[in-house]
Amino acid sequence: MNWIELPLDLDTLTILSDGDMDFALELLQIYHNDCLPYVQILRQSIATENYDQIYEATHYLTGSSSNIGATQTLNAARELEVLSRSKRVGAYGALLAEIEDNLNQIRHWLQGEGIILNPEYPDHPPERS
């Protein structure tokens, strides 16, 4: 897989990293590692239909995905935000699967570049304030 195949807006990442590919790799590593606990929270919250937690986790994912140019993840997280606010039945599982697939693509690509990542699903979700 090359840069072009990643589920990212490469222009956003290039601007953010000022064209420095090493820095772009570091940003992607941070993004990936930071998102994993929220994906775990999403999985648990969807299973228990905890709409407030779904919203909180997707709100984090929309912000971080927007910042890095992960537009596909951003769009799926936005849809989950809307669903969770309405507390409607919807495609929660499919949207979560899309987010996980996007992060897995980034994971596999980073690992192919020799980047060390956090475990796939950490034991402890992030602290909440």
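So, about the overall build of the protein. Each helix and strand counted, the protein has five helices and zero strands in total. Scanning the protein from its N terminus toward the C terminus, one meets helices and strands in the order α-α-α-α-α. For the protein, with 129 residues in total, the buried portion stands at 42%. Of all intrachain contacts in the protein linking residues separated by at least 6 positions in sequence, the fraction that spans at least 24 positions is 62%.

A few words now on the packing of helix α4 (residues 71–86) against helix α5 (residues 92–112). It is the contact of α4 with α5, at a shortest axis distance of 9 Å, that shows an interaxial angle of 155 degrees. Between α4 and α5, the angle falls in the class roughly antiparallel. By crossing handedness, the relation of α4 to α5 is classed as left-handed. Two secondary-structure elements touch here, α4 through Q72, T73, A76, A77, E79, L80, L83 and S84 and α5 through Y92, L95, L96, E98, I99 and N102. Its residues assigned to classes, the contact of α4 with α5 shows eight nonpolar, four polar and two charged.

Negative charge collects at one region of the surface, where D18, D20, D22 and E26 lie side by side. Note on placement: D18 falls in the loop between α1 (10–16) and α2 (21–48). Given the relative accessible area of 72%, D18 is considered exposed.

Rules of the game
Residues numbered from 1 in each chain as written. Predicted model: local features only at pLDDT ≥ 70, side-chain atom pairs only at ≥ 80, totals over all residues. Heavy atoms only, no water. Helix = DSSP H or I, 4+ residues; strand = E, 2+ residues; numbered from the N terminus. Buried < 20%, exposed > 50% of the residue type's maximum accessible area, 1.4 Å probe, protein only. Contact = heavy atoms within 4.5 Å. Axes fitted to C-alpha atoms, helices over the stretch in contact; angles between N-to-C directions. Parallel < 35°, antiparallel > 145°, perpendicular 65-115°, else oblique. Left-handed = near helix turned anticlockwise from the far one by under 90°. Nonpolar A, V, L, I, M, F, W, Y, C, P; charged D, E, K, R; others polar. Patch = residues over 30% accessible without salt bridge, like charges linked within 9 Å, V, L, I, M, F, W, Y side chains within 5 Å. Areas by Shrake-Rupley, 256 points an atom, 1.4 Å probe, with all protein chains shown as cover. Salt bridge = Lys/Arg side-chain N within 4 Å of Asp/Glu carboxyl O. Lys, Arg positive; Asp, Glu negative; His and termini not counted. Charge placed at Lys NZ, Arg CZ, Asp CG, Glu CD.

It is worth stressing that arrangement in space is one thing and function is another; only the former is reported here.
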